[in-house]
Amino acid sequence: MTRIAEQSSGSGRDAAVRRRLSKKLGEVARAARVQAGLTQVDVAERIGMAAEVYGRLERGLMLPSVPSLWRLCLTLRIPADHLLGLASEQLPQWAIEPPAERDGVQVRRLMRSVRKLKASQLRTLSLMVAALQREV
């Protein structure tokens, strides 16, 4: 098990996806557990973890390891794709990145390319940007 806060050392987008995924997984696990008539202690014992840790999982504060996810699926009798929010044809809500983050990735890629330009190429690019801004 890994806490979401510990995983957020990667990119902001990755951390946001992990948070949405862990929240969705926790919601689905809780609903499946309640439907099965089990307590958090019951599920935690069956998958081999402390009840407090399982409680954090249900609250969306952490993601399970792959072996724990497998045991959770078996215990709750729920397919992994459903537990991960992948059961429908539609892209799961947790996987949809906000447009601002998508734009940020494009800007960073563009900036990496711009930094590699020669001075003459940079002047030409500046003129092109100025012309594009006049059109808007």
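Above this text sits the structure in question.
Draft legend 1. Here's a closer look at the overall build of the protein. A tally of regular secondary structure across the protein gives eight helices and two strands. The order of helices and strands in the protein, counted from the N terminus, is β-α-α-α-α-β-α-α-α-α. Counting over 136 residues, the protein shows a buried share of 31%. Looking at the protein alone, contacts between residues at least 24 apart form 63% of all its contacts between residues at least 6 apart.

Draft legend 2. Just unusual backbone geometry, in detail. Phi angles above zero are rare outside glycine, and arginine 77 is one such case at about 55°. Within the secondary structure, arginine 77 is located in the loop between helix H5 (66-76) and helix H6 (80-83).

Draft legend 3. Seen up close, the environment of threonine 39. With respect to the helices, strands and loops of the structure, threonine 39 is situated in the loop between helix H2 (12-36) and helix H3 (40-47). A relative accessible area of 41% places threonine 39 in the partly exposed class. Through-space distance from the C-alpha of threonine 39 to that of alanine 51 is 9.5 Å; in sequence the pair is twelve residues apart.

Draft legend 4. Up close: the packing of H3 against H5. Look at H3 against H5: their axes get within 9 Å of each other, and the N-to-C directions meet at 125°. Classed by the angle they form, the pair H3 and H5 counts as oblique. Crossing angle aside, the handedness with which H3 passes H5 is right-handed. Counting all contacts with H3, which are made through Val43, Arg46 and Ile47, the residues of H5 involved are Arg71, Leu72, Thr75 and Leu76. A per-class count over the contact of H3 with H5 returns four nonpolar, one polar and two charged.

Draft legend 5. How the structure looks around the environment of glutamine 35. Within the element layout of this structure, glutamine 35 appears in helix H2. Among the residues examined, glutamine 35 registers a relative accessible area of 72% and is labelled exposed. Between the alpha carbons of glutamine 35 and leucine 76 there is a distance of 9.1 Å; along the sequence they are 41 residues apart.

Draft legend 6. The arrangement of a positive patch on the surface in detail. A cluster of basic residues, Arg108, Arg109, Arg112, Arg115 and Lys116, forms a positive patch at the surface. Structurally, the position occupied by arginine 112 is in helix H7 (residues 99-115).

Draft legend 7. How the structure looks around H3. Within H3 the residues assigned to the buried category are Val43, Ala44 and Ile47. Projected down its long axis, H3 shows its buried positions confined to an angular sector of 100°, all on one face. Facing away from the buried side of H3, by more than 90 degrees, are the exposed residues Glu45 and Arg46. Residues of H3 that are buried sit in contact with H2, helix H4 (51-58) and H5. Count one or two residues on from H3 and you reach glycine 48, which has phi positive near 80°.

Calculation rules
- Note that residues are indexed from 1 along each chain, following the sequence as it is written.
- Residues qualify for local features only when their pLDDT is at least 70, as the model is predicted, and side-chain atom pairs are given and counted only at 80 or more; totals for whole chains, interfaces and linings, by contrast, use all residues.
- The side-chain quantities take in all heavy atoms of the structure and omit both hydrogens and water.
- Numbering of helices and strands starts at the N terminus; helices are DSSP runs of H or I of at least 4 residues and strands are runs of E of at least 2.
- When accessible area is computed with a 1.4 Å probe and restricted to protein chains, residues below 20% of their type maximum are described as buried, those above 50% as exposed, and intermediate ones as partly exposed.
- Whether two residues touch is decided by their heavy atoms; if any such pair falls within 4.5 Å, the residues are in contact.
- To obtain an axis, a line is fitted to C-alpha atoms, over the contacting stretch when the element is a helix, and the angle between two such axes runs from 0 to 180 degrees between their N-to-C directions.
- Should an angle lie under 35 degrees it is considered roughly parallel, over 145 roughly antiparallel, and from 65 to 115 roughly perpendicular; all remaining angles are considered oblique.
- Here a crossing is taken to be left-handed if its near helix is turned anticlockwise relative to the far helix by less than a right angle, and right-handed if that turn runs clockwise.
- Any residue outside Ala, Val, Leu, Ile, Met, Phe, Trp, Tyr, Cys, Pro, Asp, Glu, Lys and Arg is labelled polar, Gly included; the first ten of those are nonpolar and the last four are charged.
- The patches described consist of residues with a relative accessible area above 30% and no salt bridge, like charges being joined within 9 Å and nonpolar side chains (Val, Leu, Ile, Met, Phe, Trp, Tyr) within 5 Å.
- Note on areas: Shrake-Rupley with a 1.4 Å probe; residue coverage comes only from the protein chains shown.
- For this document, the term salt bridge refers to a Lys or Arg side-chain nitrogen within 4 Å of an Asp or Glu carboxyl oxygen.
- We count Lys and Arg on the positive side and Asp and Glu on the negative side, and we leave His and both chain ends out.
- Lysine's charge is taken at NZ, arginine's at CZ, aspartate's at CG and glutamate's at CD.
- The directions from the helix axis to the C-beta atoms form the arc being described.

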